[in-house]
There are 2 protein chains.
Amino acid sequence: MRLALWQGHSPAADLDLACAQAEAALAAAGALGATALVLPELWLPGYNRPDLPAHALTRDSAPLRRLAAAARTHRTALILGYAERDGDRLFNSAACFGPDGALLANYRKVQLYGPREAALFTPGDRLETFALNGETAAILICYDIEFAPHVKSLADRGVTVILVPTANMQPFTHVARHTVPAMAANHGVAIVYTNYCGTEGDLTYTGQSLIAGPHGEVLAQAGDTPALLIADLPPRDPARISTQAADLRHL
Amino acid sequence: MRLALWQGHSPAADLDLACAQAEAALAAAGALGATALVLPELWLPGYNRPDLPAHALTRDSAPLRRLAAAARTHRTALILGYAERDGDRLFNSAACFGPDGALLANYRKVQLYGPREAALFTPGDRLETFALNGETAAILICYDIEFAPHVKSLADRGVTVILVPTANMQPFTHVARHTVPAMAANHGVAIVYTNYCGTEGDLTYTGQSLIAGPHGEVLAQAGDTPALLIADLPPRDPARISTQAADLRHL
């Protein structure tokens, strides 16, 4: 499977710009035969925004319908973070539109990070899995991927690819450099981890977006400027897949 | 705290050579003011040895008394792996001798790796902690460190330094490159991970021994040849210590 990610600056609540960048990246990824493209956390409208509630979207809003159509046009699945409004509640969500434009998953972040997110969002209460090009896939968002129990839970359900919109900021460079490849290797799953670059308000994002193979291989990794990454997953070698899930001795 | 490790070739069941190398490394580490020196897994008599049972040692055997005396001579704690005989049973153990030569811990590996270890050894059934130069320390051995629940359990008990004799072989380079720094950062603990280099029987060790700080910093890392590493732990920055232990949402 060929996977892609777009690491960009925050669209800063310009939803038309955010959609146009997503369409351009989808066109490039689709032309190169990528199965799926992953964008950062809260790509609509941007992560670190006091005006976020004013830009929250329902699942069937016009910007999301526009991006579903773009996925269909370019025959490439699209995973992106967005601020989801559901009645009175907001969720830090990520949608996956399949290559036919259908909504394959709408995941709500379980592990909200820090007091700002806790003040804005209701946490999600479940993991979901879905079929993607013959593999079983799932979405996690940012802080979620740092918790081994969630990754293990997905691996136990047969997930082989985890798609992770994120907004990882300084000084937490260890997440992209070490935690993500380690989670991939320790649970035998490929991970696409898509971050922002640049500065937004009081945060400087670390960039370092990456595509990790199921043995912890760093197949592609960005610096701290805008980048489109496309990489092919290597075959899974059963002899190298960790047996951790079965081996854990409870003390 | 200043910590040291010695990455060497397997002593190949030459216990006198193993002790002499340990003494030389202790002398160097002690002269530089290191608090503790960590040697690889099963340093007595070597990791990948069909003749291992013939070289298993009781806790009060002459080679271990010799090394306790060396720790005292050089005023430097020593952590080393050894094949422990206790009645009819063998354990994959590691001892810590304090700077006064006293036995501070005798840890038995919990997570035995693969069918060879399972055939040879009885697994340990407990973690232990001990005081080391004002910090709370613990030993894990090789595969143990790849399991987040064990690292979390130690961090929950106040452990800030984990000393890890290991025998990590190709192709599992992700462990030293990613898993160890990620475990350090995710649980806010320093880790000394001491591996072999070179080849022993059908195994090629990966080397890559490292000292990781409590934010996942790689303070020193070896290649795949013999190396003595000494590094100072940086102060722990409370703002950077992960809150994961408290944050996990059970689904």
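Check the entry above for the structure.
Residues numbered from 1 in each chain as written. Chains lettered and ligands numbered in written order. Predicted model: local features only at pLDDT ≥ 70, side-chain atom pairs only at ≥ 80, totals over all residues. Heavy atoms only, no water.

Let us look at the interface of chain B and chain A. Contact with chain B, which involves 36 residues of that partner, is made by 36 residues of chain A. Where chain B abuts chain A, roughly 2,700 Å² becomes buried across the two surfaces, and 58% of that area is made up of carbon and sulfur atoms. At the junction of chain B and chain A, the tally comes to 0 salt bridges. In this assembly, chain B and chain A are joined by 8 residue pairs in polar contact (both at pLDDT 80 or more). Listed by contribution, the elements that provide at least two residues to the side of chain B that touches chain A are helix 4 (148-156), helix 5 (174-187) and helix 6 (244-247) of chain B. (Contact = heavy atoms within 4.5 Å. Buried area = accessible area lost by both parts, 1.4 Å probe. Salt bridge = Lys/Arg side-chain N within 4 Å of Asp/Glu carboxyl O. Polar contact = N/O pair within 3.5 Å; in protein donor to acceptor, adjacent residues only side chain to side chain. Helix = DSSP H or I, 4+ residues; strand = E, 2+ residues; numbered from the N terminus.)

Let us now look at the sheet that holds strand 2 (residues 36-38) of chain A. Residue and element names in this part refer to chain A. Read across the open sheet, the 6 strands follow the order 5-4-3-2-1-14; overall the sheet is mixed. Whereas interior strands pair on both sides, the edge strands pair on one side only; in this sheet they are strand 5 (103-108) and strand 14 (227-232). Taken over all neighbouring pairs, the strand axes of this sheet differ in orientation by 30 degrees on average, direction set aside. Note that strand 1 (residues 2-7) and strand 14 share 6 bridges and pair antiparallel. If you follow Leu-5 over to strand 14, its bridge partner there is Leu-229. Strands in contact with helix 2 (residues 62-74) are strand 3 (77-86) and strand 4 (89-97); relative to strand 3, the strand with the most contacts, it is inclined by about 170 degrees. (Pairing = 2+ DSSP bridges. Axes fitted to C-alpha atoms, helices over the stretch in contact; angles between N-to-C directions.)

Take the packing of helix 5 (residues 174-187) of chain A against helix 5 of chain B next. Where helix 5 of chain A contacts helix 5 of chain B, the axes come no closer than 8 Å and their chain directions differ by 115 degrees. By the angle between their axes, helix 5 of chain A is roughly perpendicular relative to helix 5 of chain B. Where helix 5 of chain A crosses over helix 5 of chain B, the two elements pack in a sense that is left-handed. In this structure, helix 5 of chain A contributes His-174, Arg-177, His-178, Thr-179, Pro-181, Ala-182, Met-183, Ala-185 and Asn-186 of chain A to the contact, and helix 5 of chain B contributes His-174, Arg-177, His-178, Thr-179, Pro-181, Ala-182, Met-183, Ala-185 and Asn-186 of chain B. For the contact of helix 5 of chain A with helix 5 of chain B, the class distribution of residues is 8 nonpolar, 8 polar and 2 charged. (Parallel < 35°, antiparallel > 145°, perpendicular 65-115°, else oblique. Left-handed = near helix turned anticlockwise from the far one by under 90°. Nonpolar A, V, L, I, M, F, W, Y, C, P; charged D, E, K, R; others polar.)

Here we take up the side chain of Ser-209 of chain B. All names here are of chain B. Tracing the backbone through its elements, the reader meets Ser-209 in the loop between strand 11 (203-204) and strand 12 (210-212). Of note is the side chain of Ser-209, whose polar atom sits 2.7 Å from the side chain of Gln-7. Once residues within four sequence positions are removed from consideration, Ser-209 is found in contact with Leu-5, Gln-7, Tyr-193, Thr-194, Asn-195, Ala-220, Gln-221, Ala-222 and Leu-229.

A separate point is the pattern of salt bridges. Residue and element names in this part refer to chain B. Counting across every chain of the model gives 26 salt bridges over all chains. For Glu-23, the salt bridge goes to Arg-66, with nearest N and O atoms at 2.9 Å. In this pair, Glu-23 is assigned in helix 1 (residues 15-31) and Arg-66 in helix 2 (residues 62-74), connecting sequence segments 43 residues apart. Given the relative accessible area of 23%, Glu-23 is considered partly exposed. Residue Asp-156 pairs with Lys-152 through a salt bridge whose shortest N-O separation is 2.8 Å. Here Asp-156 and its partner Lys-152 are both found in helix 4, 4 residues apart, which amounts to about one turn of the helix. When its relative accessible area of 49% is taken as the criterion, Asp-156 is described as partly exposed. (Buried < 20%, exposed > 50% of the residue type's maximum accessible area, 1.4 Å probe, protein only.)

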